[in-house]
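Structural overview for review
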Amino acid sequence: MTTRQWQKARKLWEADSREGFAWLVRELSLPVSRVAVSRRAKADEWQKQAQPTDPASNTEEEVTHGVTVTPQVTQEVTPVTKGRGRPSEYRPEYAEQAERLMLLGFTREKLAKFYEVDERTLYRWQQRHADFRHAIWRGGALADAEVAHALFHRAKGAVVPETHVAQHQGQVILTDLERHYPPETAAARLWLKNRQPEFWKDKVELEEKPVIALVDKEAMRGRIEAALEKAAQVEREMRGRAERLGLMLDDGTYPDAGSTYVADYIRSQDDE
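How each quantity is defined
- Residues numbered from 1 in each chain as written.
- Predicted model: local features only at pLDDT ≥ 70, side-chain atom pairs only at ≥ 80, totals over all residues.
- Heavy atoms only, no water.
- Helix = DSSP H or I, 4+ residues; strand = E, 2+ residues; numbered from the N terminus.
- Buried < 20%, exposed > 50% of the residue type's maximum accessible area, 1.4 Å probe, protein only.
- Contact = heavy atoms within 4.5 Å.
- Salt bridge = Lys/Arg side-chain N within 4 Å of Asp/Glu carboxyl O.
- Axes fitted to C-alpha atoms, helices over the stretch in contact; angles between N-to-C directions.
- Parallel < 35°, antiparallel > 145°, perpendicular 65-115°, else oblique.
- Nonpolar A, V, L, I, M, F, W, Y, C, P; charged D, E, K, R; others polar.
- Pairing = 2+ DSSP bridges.
- Core = buried A, V, L, I, M, F, W, Y, C linked by side-chain atoms within 4.5 Å.
- Left-handed = near helix turned anticlockwise from the far one by under 90°.
- 1 Å grid on protein atoms, 1.4 Å probe; cavity = no way out; pocket = protein on both sides within 12 Å on 5 of 7 lines; lining within 4 Å.
- Points joined across faces, edges and corners; volume = space filled by probe spheres on them.

**A short note on the overall build of the protein**
When helices and strands are tallied, the protein shows eleven helices and four strands. Residues counted as buried form 17% of the 272 residues belonging to the protein. Within the protein, contacts between residues separated by at least 24 positions form 43% of all contacts whose residues are at least 6 apart in sequence.

**Section: the pattern of salt bridges**
As enumerated under the stated definition, the model contains nine salt bridges in all. Here Lys113 and Glu109 are joined by a salt bridge, their closest N and O atoms 3.8 Å apart. One end of the pair, Lys113, and the other, Glu109, are both in helix H5 (residues 108-114), four residues apart, so they sit about a helical turn from each other. Assessed through its relative accessible area of 60%, Lys113 is described here as exposed. Glu225 is paired through a salt bridge with Arg221; the nearest N and O atoms lie 3.2 Å apart. You can see Glu225 and its partner Arg221 sitting in helix H10 (residues 217-245), four residues apart, about one turn around the helix. Of the residues examined, Glu225 reaches a relative accessible area of 42% and is grouped as partly exposed.

**Re the packing of helix H6 (residues 119-128) against helix H7 (residues 130-156)**
Contact geometry for H6 and H7: axes closest at 5 Å, N-to-C directions at 110 degrees. Taken together, H6 and H7 sit at an angle that is classed as roughly perpendicular. Residues Leu122, Trp125, Gln126, Gln127 and Arg128 of H6 touch H7, and the partners they reach there are Ala130, Phe132, Arg133 and Ile136. Residues of the contact of H6 with H7, tallied by class, amount to five nonpolar, two polar and two charged.

**Some thoughts on the pairing of strand E3 (residues 158-168)**
Two faces make up the sheet, and in a regular strand the side chains alternate between them. One ladder, built from eleven bridges, connects E3 with strand E4 (residues 171-181); its direction is antiparallel. Its bridge partner being in E4, Ala166 is matched across the sheet by Ile173. Connecting E3 to the antiparallel partner E4 that follows it, the hairpin turn spans two residues, and Gln169 within it adopts a positive phi of roughly 55 degrees.

**Some points on the environment of Asp144**
Structurally, Asp144 can be placed in helix H7. Remark: the alpha-carbon pair of Asp144 and Leu103, spanning 41 residues in sequence, is separated by 8.7 Å.

**As for the nonpolar core**
Ranked by internal contacts, the top residues of the largest apolar core, which has 15 residues, are Leu111, Tyr115, Leu122, Trp125 and Phe132. Every element with two or more residues in this core is listed here: helix H4 (94-103), H5, H6 and H7. With five residues, H4 is the largest single contributor of residues to this core. Formed by 14 residues, the second largest nonpolar core is a distinct cluster that contains Trp23, Leu24, Ala36 and Ala41.

**Overview of the packing of H7 against helix H8 (residues 185-195)**
Look at H7 against H8: their axes get within 7 Å of each other, and the N-to-C directions meet at 125 degrees. What the angle tells us is that H7 and H8 run oblique. By crossing handedness, the relation of H7 to H8 is classed as left-handed. Along the contact surface, H7 presents Ala148, Leu151, Phe152, Arg154 and Ala155, while H8 presents Ala187, Ala188, Leu190 and Trp191. Here the contact of H7 with H8 is composed, by residue class, of eight nonpolar, no polar and one charged.

**Notes on the layout of surface pockets**
Put simply, the largest pocket is a space of about 600 Å³. Every residue lining the largest pocket is counted, 19 residues in all, and those nearest its centre are Val25, Val32, His149, Ala150 and His153. Elements with a contribution of two residues or more to the lining of the largest pocket: helix H2 (22-28), H7 and E3. Broken down by class, the residue content of the lining of the largest pocket amounts to eleven nonpolar, four polar and four charged.

Here it is, written out as structure tokens:
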């Protein structure tokens, strides 16, 4: 990163009340990791600026033109869900819980069951509380997109710029480096199996309807008779050749019987 990029990142981080550096990397699309930013911030001693207080939230008495004005405190009415036995009011800690549960694969239906409210109450919380709405988005769609982005770069390989922070004789030395990640076969296979399962899944199943073939007995009988006639012709030729050579062939009859193999076969077909 250039010096100007580091200055911009530091200015934004110090002026914002949020802790950590992951949000800074995302919002500025920094070409460095969260760890690299953390090391740079520690080396340069980044400090959060004091956040201005909201005058409207001051509960002390205000004096305007000699008239003392005391802010009116309204009492919030907590709605109660019917038949559940517990209040359905939103609590600030729900945002962090919802993000973690969405990362575990919770749906909005499961999330509503976790808080023991119906889904309509959950959607009202999303409409009224931006932190809760953003938490569900971060734990759901945004998390899936970030994992898919990381898996894609893991599958094809990536070059990630990093900043190495070292200290020598009391001086902080920053060195810009590039970390090379080679393509990973397992990540590529996982990506393709989920993106194009019809081409890349391990087992391809073909669904074919069974075909019932109707047999034409007359046509079958004709083919069998033609085959027998051909066999008889070959037999005659072989007998003629055997006589010329002085050889003896089997005459096709059963021992001690007058019927032949072929005649028995034809009679069995007639019986059918």
